[in-house]
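Residue-level listing of the chains:
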Amino acid sequence: MYSEKVMDHFMNPRNVGEIENPDGVGQVGNAKCGDIMKIYLKIKDNVIVDIKFKTFGCGAAIATSSMATELVKGKTIDEALALTNKAVADALDGLPPIKMHCSVLAEEAIKAAIEDYKSKQLASSK
Ligand code: FES
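Conventions adopted
- Along every chain, residues carry numbers that run from 1 in the direction the sequence is written.
- Whole-chain, interface and lining totals are the exception, using all residues; otherwise, since this is a predicted model, local features are given only for residues with pLDDT of at least 70 and side-chain atom pairs are given and counted only at 80 or more.
- Hydrogens are left out, water is left out, and the side-chain values use all remaining heavy atoms of the structure.
- Strands here mean DSSP runs of E at least two residues long; helices mean DSSP runs of H or I at least four residues long; both are numbered from the N terminus.
- In what follows, residue pairs with any heavy atoms lying within 4.5 Å of each other are defined as contacts.
- In this scheme, a helix's expected span is set at 1.5 Å multiplied by one less than its residue total.
- For every residue, the accessible area obtained with a 1.4 Å probe (protein chains only) is divided by the maximum for its type, and the residue is called buried under 20%, exposed over 50%, and partly exposed between those limits.
- Should DSSP find at least two bridges between two strands, the strands are taken to pair.
- The definition of a nonpolar core used throughout is a set of buried Ala, Val, Leu, Ile, Met, Phe, Trp, Tyr and Cys residues joined through side-chain atoms within 4.5 Å.

### A look at the environment of Lys42
Part 1 of the reasoning: Here Lys42 is to be found in strand β2 (residues 36-44).
Part 2 of the reasoning: Once the C-alpha coordinates of Lys42 and Pro22 are considered, the two residues, 20 residues apart in sequence, prove to be 5.5 Å apart.
Part 3 of the reasoning: Ignoring anything within four residues of it in the chain, the contact list for Lys42 reads Ile19, Glu20, Asn21, Pro22, Asp23, Val47, Ile48, Val49 and Asp50.

Structure, rendered in structure tokens:
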């Protein structure tokens, strides 16, 4: 039921952990399943130079966090904001329909972390 890529990213998730003094942090949760995803960003000149995640959730949530971090690492924040949950699921060769909401969490967590970064930038430029 899961693609090999999902299994690979679940068993060997990339970019797991925390970043000390991150430039942005985003945490989102899904009220229905109770899963939580947290993303840490290090940003330099508008580019995501490092990204780490912590996910307390199902296997698909771990695999999508892992893939999403891989997809946005090295990208500009605008490119990262354009990442959709569908692109994450496609990069994993698909997810079962009942697991698509897990990929939504990955998209939302990255967006939340970028929003946090932007609001900190605004605050420090005042
Ligand atoms: Fe909740 Fe996957 S079941 S994120």
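What follows picks up the thread again.
### Observations concerning unusual backbone geometry
Part 1 of the reasoning: In the Ramachandran plot, Asn15 falls in the positive-phi region, its phi being about 65° despite a non-glycine side chain.
Part 2 of the reasoning: Here Asn15 is to be found in the loop between α1 (4-11) and β1 (24-29).

### A look at helix α5 (residues 100-125)
Part 1 of the reasoning: Taking 1.5 Å of rise per residue, the 26 residues of α5 would be expected to cover 38 Å, and the 38 Å separating its terminal C-alpha atoms lies within 8% of that figure.
Part 2 of the reasoning: The set of residues buried in α5 consists of Cys102, Ser103, Leu105, Ala106, Glu107, Ala109, Ile110, Ala113, Ile114 and Tyr117.
Part 3 of the reasoning: Of the surrounding secondary structure, the elements contacted by the buried residues of α5 are β1, β2, α2 (59-72), α3 (77-81) and α4 (85-91).

### Section: the pairing of β2
Part 1 of the reasoning: Here β1 pairs with β2 via six bridges, running antiparallel. Within β2, the position partnered with Gly26 by the bridge is Ile39.
Part 2 of the reasoning: Hairpin connection, β1 to β2: the antiparallel pair is bridged by six residues, and Gly34 has positive phi, about 85°.

### Considering the nonpolar core
Part 1 of the reasoning: Membership of the largest hydrophobic core comes to 32 residues, with the highest contact counts inside it found for Met37, Ile39, Leu41, Ile48, Val72 and Ile110.
Part 2 of the reasoning: Within the residue set of this core, elements represented by two or more residues are β2, β3 (47-56), α2, α3, α4 and α5.
Part 3 of the reasoning: With eight residues, α5 is the single largest residue contributor to this core.
Part 4 of the reasoning: Setting aside anything within four residues of it in sequence, one finds Leu41 in contact with Ile19, Pro22, Asp23, Gly24, Ile48, Asp50, Ile51, Ala113 and Ile114.

### Quick look at the pairing of β3
Part 1 of the reasoning: Both β2 and β3 contribute to a ladder of nine bridges, which runs antiparallel. Residue pairing in the sheet places Ile43 in a bridge with Ile48 of β3.
Part 2 of the reasoning: Connecting β2 to the next strand, β3, in antiparallel fashion are two residues, including Asp45 with a positive phi near 45°.

### Remarks on the environment of Gly34
Part 1 of the reasoning: Tracing the sequence through the fold places Gly34 in the loop between β1 and β2.
Part 2 of the reasoning: For Gly34, a relative accessible area of 48% puts it in the partly exposed group.
Part 3 of the reasoning: Sequence-wise, Gly34 and Thr55 are 21 residues apart; in three dimensions their C-alpha atoms are separated by 11 Å.

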